[in-house]
Amino acid sequence: MKAIIVSQPGGPENMQLADVPLPEPGPKQARVRIAASGVNFIDVYHRTGLYKVDMPAVLGAEGAGTVDAVGSDVTEVAPGDRVVYAMARGSYAEYAVVPAAQLIKLPDGVDFQTAAAAMLQGMTAHYVTRSTFALKSGDTCLIHAAAGGTGGLAVQMAKMAGARVLGTVSTEEKARIAREAGADEIIFYTSQDFEAETKRLTSGRGVDVVYDSVGKSTFEKSLNSLRPRGMLVSFGQSSGAIPPFELHTLNVKGSLFVTRPSLAHHVLTREELLWRAGDVLSWIASGKLKLRIDRVYPLAEAGQAHRDLEGRKTTGKLILSVS
């Protein structure tokens, strides 16, 4: 089969389309013929070595397709089932072997590209807004990269919960997208001080929570944008890793809370996975949650997809069309 292989950490030029053996499912595993793969920053982290993986590695942690074979002791799916999954590496390929317990059957009306666009970002937006800091009516949140894939979904989910949403963006086009998603206030971080604007828009109080996928470049001002006992949910680092900081700073700035969560720890059981994925897919099927698929690339152009993602040239999800 064809797959995108990385033999050593580095830039997108290290991503090679190669012929590799067709994998065989073992016990409690299923083989999925991949139709579409999501492109995510975690793939970049794997490629660069920020998150360690054994090399050579097949990238991609999110895929949708059709089950074509199962190993022993598999009860969750059967050959022919349309499925989607996340948090199992190897989706930049024509076939992937996945733990059967991680596969979600697709509802009617949700196609493969939509499904592949939904899982990682959709479940991430779900856990940060429903579990890490569970928004409720009357809360005010600041969402960075509010026009991005995860950011736009988090805006929509925050509005479903009844929260007021302040969103940061870089351009007028991204502002339009964030407003369409439901953002109440837009802050242009390229021309405005988002800390000062956040304080102004909250009459000096600060927000209850900041959802920050940017990391290094926004960390300090995100802390300063919080109300006393507010929470910074740092769930990504597109600008780089946050450097070490003095814990006492949280006391000085208002007895603040900071957390660095990940999706893996929020789908620890199949029941939790089904809850999060079920909400996301049902909201999409009903039209309550709207995805933005920015661009679709053939598998062979995965490197360009990474360049576009890292260059912040996107306003939604990037997808690889595999088969």
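Structure shown above.
Residues numbered from 1 in each chain as written. Predicted model: local features only at pLDDT ≥ 70, side-chain atom pairs only at ≥ 80, totals over all residues. Heavy atoms only, no water.

Caption draft 1: Just the pairing of strand β12 (residues 207-212), in detail. Burial analysis of β12 places six of its six residues in the buried class, the great majority of the element. Bridging between strand β9 (residues 140-143) and β12 involves three bridges; their strand directions are parallel. From the neighbouring strand, Cys 141 faces β12, where its bridge partner is Val 209. Relative to strand β13 (residues 226-234), β12 is paired through five bridges, and the arrangement is parallel. Its bridge partner lying in β13, Tyr 211 is registered against Val 233. Viewed along the sheet, the connection from β12 through helix α6 (residues 219-224) into β13 turns out right-handed. (Buried < 20%, exposed > 50% of the residue type's maximum accessible area, 1.4 Å probe, protein only. Helix = DSSP H or I, 4+ residues; strand = E, 2+ residues; numbered from the N terminus. Pairing = 2+ DSSP bridges. Right-handed = clockwise from strand over helix to strand, strands pointing away.)

Caption draft 2: Representation of the sheet that holds strand β14 (residues 257-259) within the structure. Strand order in the open sheet made by the six strands is β11-β10-β9-β12-β13-β14, with parallel pairing throughout. Since the sheet does not close on itself, it has two edges, and those belong to β11 (185-188) and β14, each with one partner. Direction aside, neighbouring strands of the sheet carry axes that sit 15 degrees apart on average. The strands that helix α3 (residues 149-160) touches are β9 and β10 (164-169); relative to β9, the one it contacts most, it runs at about 170 degrees. Most of the contacts of helix α5 (residues 194-201) go to β11, to which it runs at about 155 degrees, and overall it touches β9, β10, β11, β12 and β13. (Axes fitted to C-alpha atoms, helices over the stretch in contact; angles between N-to-C directions. Contact = heavy atoms within 4.5 Å.)

Caption draft 3: Representation of the packing of helix α1 (residues 41-48) against helix α9 (residues 302-310). Interaxial distance between α1 and α9 falls to 10 Å at its minimum, and their mutual angle equals 110 degrees. If you check the angle between α1 and α9, you find them roughly perpendicular. Here Phe 41, Asp 43, Val 44 and Arg 47 of α1 lie close against α9, whose contacting residues are His 306, Leu 309 and Glu 310. A per-class count over the contact of α1 with α9 returns three nonpolar, one polar and three charged. (Parallel < 35°, antiparallel > 145°, perpendicular 65-115°, else oblique. Nonpolar A, V, L, I, M, F, W, Y, C, P; charged D, E, K, R; others polar.)

Caption draft 4: Expanded view of the pattern of salt bridges. Overall, the coordinates contain 19 salt bridges when judged by the stated rule. Here Arg 31 ties to Glu 24 by a salt bridge, and the two come within 3.3 Å at their closest N and O atoms. Residue Glu 24 is classed as exposed on the basis of its relative accessible area, which comes to 58%. Across the pair Glu 197 and Arg 200 runs a salt bridge whose closest N-O atoms are separated by 2.9 Å. Of the two residues, Glu 197 and Arg 200 both sit in helix α5, three residues apart, roughly one turn of that helix. By relative accessible area, Arg 200 is classed as exposed at 54%. It is possible to trace a salt-bridge network through shared partners that takes in Glu 24, Arg 31 and Asp 68. (Salt bridge = Lys/Arg side-chain N within 4 Å of Asp/Glu carboxyl O.)

Caption draft 5: Structural view of helix α4 (residues 172-181). Here α4 has its buried residues at Lys 174, Ala 175, Ile 177, Ala 178 and Ala 181. One side of α4 carries all its buried residues, which in axial view fall inside an arc of 160 degrees. Exposed residues lying more than 90 degrees from the buried face of α4 are Glu 172 and Glu 180. Note on α4: the residue one or two positions beyond its end, Gly 182, has a positive phi of about 120 degrees. (Arc of directions from axis to C-beta.)

Caption draft 6: Region of the structure containing a nonpolar patch on the surface. Nonpolar side chains collect at one region of the surface, where Phe 245, Leu 247 and Val 258 lie side by side and expose about 270 Å² of accessible area between them. Mapped onto the secondary structure, Phe 245 falls in the loop between β13 and α7 (248-252). (Patch = residues over 30% accessible without salt bridge, like charges linked within 9 Å, V, L, I, M, F, W, Y side chains within 5 Å. Areas by Shrake-Rupley, 256 points an atom, 1.4 Å probe, with all protein chains shown as cover.)

Caption draft 7: Structural detail: the layout of surface pockets. Considering only enclosed or pocket space, the largest pocket measures out at about 830 Å³ in volume. In this structure, the largest pocket is lined by 38 residues; those nearest its centre are Phe 41, Gln 121, Thr 150, Ser 213 and Phe 235. Breaking the lining of the largest pocket down by element, the ones donating at least two residues are α1, α2 (112-132), α3 and β10. The element contributing the most residues to the lining of the largest pocket is α2, with four residues. Class assignment of the residues belonging to the lining of the largest pocket gives a composition of 18 nonpolar, 17 polar and three charged. Quantified by volume, the second largest pocket comes out at close to 250 Å³. As for the second largest pocket, its lining consists of 21 residues, and the residues nearest its centre are Gln 156, Ala 181, Lys 290, Leu 291 and Arg 292. Counting residues per element, the ones that place at least two in the lining of the second largest pocket are α2, α3 and α4. Partitioned by chemical class, the residues of the lining of the second largest pocket number eight nonpolar, eight polar and five charged. (1 Å grid on protein atoms, 1.4 Å probe; cavity = no way out; pocket = protein on both sides within 12 Å on 5 of 7 lines; lining within 4 Å. Points joined across faces, edges and corners; volume = space filled by probe spheres on them.)

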